[in-house]
Amino acid sequence: MSRLVVVSNRTATPGAPRSGGLATALHDALAESGGLWFGWSGQTVEASDEKLAHAAEDDYAFALLDLTEADYEGYYLGYSNAALWPVLHYRVDLARFDDEAFAQYDRVNARFARLLAPLMRDDDTVWVHDYHLMLLGRELRAAGWRGPTGFFLHIPFPSPEVFTALPQHAEIAEALAAFDLVGFQTAHDAENFRRYLAEQHAATPLADGVVHAFGTVLRAAAFPIGIDPDSVSAAAADWRSHPDLARLARGIGEDALVVGVDRLDYSKGLPQRLEAFGQLIAADAALHARVSLVQIAPPSRTEVEAYADLREQVDRIAGRINSDHADLGWIPVRYIAREYPRDKLAGLYRLARVGLVTPLRDGMNLVAKEFVAAQDPGDPGVLIVSEPAGAAEQLEEAVQVNPYDIAAVTDALRSALEMPHGERSARWQALRARVWREDVGWWWRGYLDALRATR
Ligand code: ADQ
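Note that the structure is predicted; figures quoted are calculated from it, not measured.

(A) Main features of the pattern of salt bridges. Enumeration over the complete set of coordinates arrives at 31 salt bridges. R138 is the salt-bridge partner of D106, the closest N and O atoms lying 3.0 Å from each other. You can see D106 sitting in helix α3 (residues 99-116) and its partner R138 sitting in helix α4 (residues 136-142), a full 32 residues away along the chain. The partly exposed category is assigned to D106, whose relative accessible area is 22%. Of the residues examined, R138 reaches a relative accessible area of 24% and is grouped as partly exposed. The salt bridge involving E370 is made with R342; its shortest N-O contact spans 3.4 Å. On the criterion of sequence distance, the pair formed by E370 in helix α13 (residues 366-374) and R342 in helix α12 (residues 342-351) is long-range, its members being 28 residues apart. Through salt bridges with shared partners, one network takes in E50, D71, R111 and R114.

Printed below as a string of structure tokens:
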């Protein structure tokens, strides 16, 4: 089997225990065929020295480059996170377009290719991840690389009307066409991309997601990412080993716990979610001291302006709900701006009656799948998931809501809290089957098989 070369902005930390999720998935893929994981070291330096740090895991190697401070500003904060992230999440209103940031993004993609190319072997398969590296296929081809090369977008691909708001949309699309396979989280995202190519670049659709565009042929298809449900389920069953979860369980007793877990990001719909919970308890005094919300949301990307504003807004709403409704023996909202280890989160999901996953837009949302995997088979909780999360395409039996419609989320919460055991159980069985069948191994194997089949 050919060697796998994975390229992503951040990699797992060589030698450190893997914290699950994508790091474990890619570890398994790399360990199977042997290979190389290439990415940013996480370090910034004043001036680039064009050097790589090398490290080895059991069956594969890491090669890591440093970014300069200017790269970090322009490529990472500027273009990736202040232009691409908002536009691809349909938030053109929050996007900052800056030609210099794009130039830096272009230069960093070129530097990735320049430093990677000498490490490549003729029969390698290259798999590039996510929106930081959308130009890398083009750069590798320019460096003379001809082998199978794929890209996977972890975040949504918006409708063409939204994507064209990016001043550089045509250049990015042409660069994506240098990949053999462009993978998306959902069929809807893949269709958006093909429709964009047809409308803006007169692309011709062929069978099976293959498109003729920019004088070349590429395939655009959906590969929904999964989780490792067995590890989540085992960690969840072990919740009593965490003293603070045991204390939480004693504190809530027979009362119902609603749980939300997110990075603090404007795509996650936190203000709307908190408002919906606030309206639920404002409207129904019988729920006072009977239900509470734990919302975990550690700050991320704090150097980007839109994120600082969000932090203030979420603090304010959570504070107001508590000051309006809390009692000496009851705190309606526990809002915790801190990260927790994944095992403890799994235990928290197990204690919850309702998992409230209501992003305004999300590539997939792995928390939704982790919530399903963590439930007690004898007494499962209810998953509420928003329609614009990629996970909704697979998790049909969840309670699905429009996250902008606060009254609808309030109604969904009420019906989830009242849902009889039989219905909870039936919905969960169906979700469970899906989450176990379409797990993370199914995802990466399916993607790599499809990539290798493009040749
Ligand atoms: P994220 O936007 O980070 O990922 P998500 O898929 O929900 O969104 O979470 C990724 C992982 O981080 C999950 O395993 C989750 O458990 C963990 N996580 C989330 N909040 C956490 C917290 N507060 N503390 C500790 N861990 C936390 C991007 C895309 C998603 C896509 C993933 C994977 O935005 O749409 O599902 O990549 O492709």
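Past the structure itself, the notes keep going.
(B) Summary view of the site of the ligand. The local shell around the ligand holds 22 residues, among which H154, R342, D362, M364 and E370 are the closest. Contacts to the ligand include D362, whose side-chain N or O atom sits 2.5 Å from an oxygen atom. At a separation of 2.8 Å, an oxygen atom of the ligand approaches a polar backbone atom of M364. Bound to the protein, the ligand loses 86% of the 700 Å² it would expose on its own. For the ligand, the cavity whose grid points lie within 2 Å of the majority of its atoms is the largest pocket. Looking at the shell around the ligand, the elements with two or more residues in it are α12 and α13. No other element matches α13, which puts three residues into the shell around the ligand. In the shell around the ligand, the residues fall into eleven nonpolar, four polar and seven charged. Of the residues that make up the shell around the ligand, three or more belong to each of domain 1 (4-226 + 440-454) and domain 2 (229-437).

(C) Up close: the environment of N402. By secondary structure assignment, the location of N402 is in the loop between β16 (399-401) and α15 (406-418). Each C-alpha atom, one on N402 and one on I252, is 29 Å from the other, the two residues being 150 residues apart in sequence. Every residue in contact with N402, bar those within four places of it in the chain, is listed here: E387 and V409. At a separation of 2.9 Å, a polar atom in the side chain of N402 contacts the main-chain amide nitrogen of Y404.

Rules behind the numbers
Residues numbered from 1 in each chain as written. Predicted model: local features only at pLDDT ≥ 70, side-chain atom pairs only at ≥ 80, totals over all residues. Heavy atoms only, no water. Salt bridge = Lys/Arg side-chain N within 4 Å of Asp/Glu carboxyl O. Helix = DSSP H or I, 4+ residues; strand = E, 2+ residues; numbered from the N terminus. Buried < 20%, exposed > 50% of the residue type's maximum accessible area, 1.4 Å probe, protein only. Near = heavy atom within 4 Å. Polar contact = N/O pair within 3.5 Å; in protein donor to acceptor, adjacent residues only side chain to side chain. Areas by Shrake-Rupley, 256 points an atom, 1.4 Å probe, with all protein chains shown as cover. 1 Å grid on protein atoms, 1.4 Å probe; cavity = no way out; pocket = protein on both sides within 12 Å on 5 of 7 lines; lining within 4 Å. Sits in = over half its atoms within 2 Å of the grid points. Nonpolar A, V, L, I, M, F, W, Y, C, P; charged D, E, K, R; others polar. Domains from an automatic or database assignment. Contact = heavy atoms within 4.5 Å.

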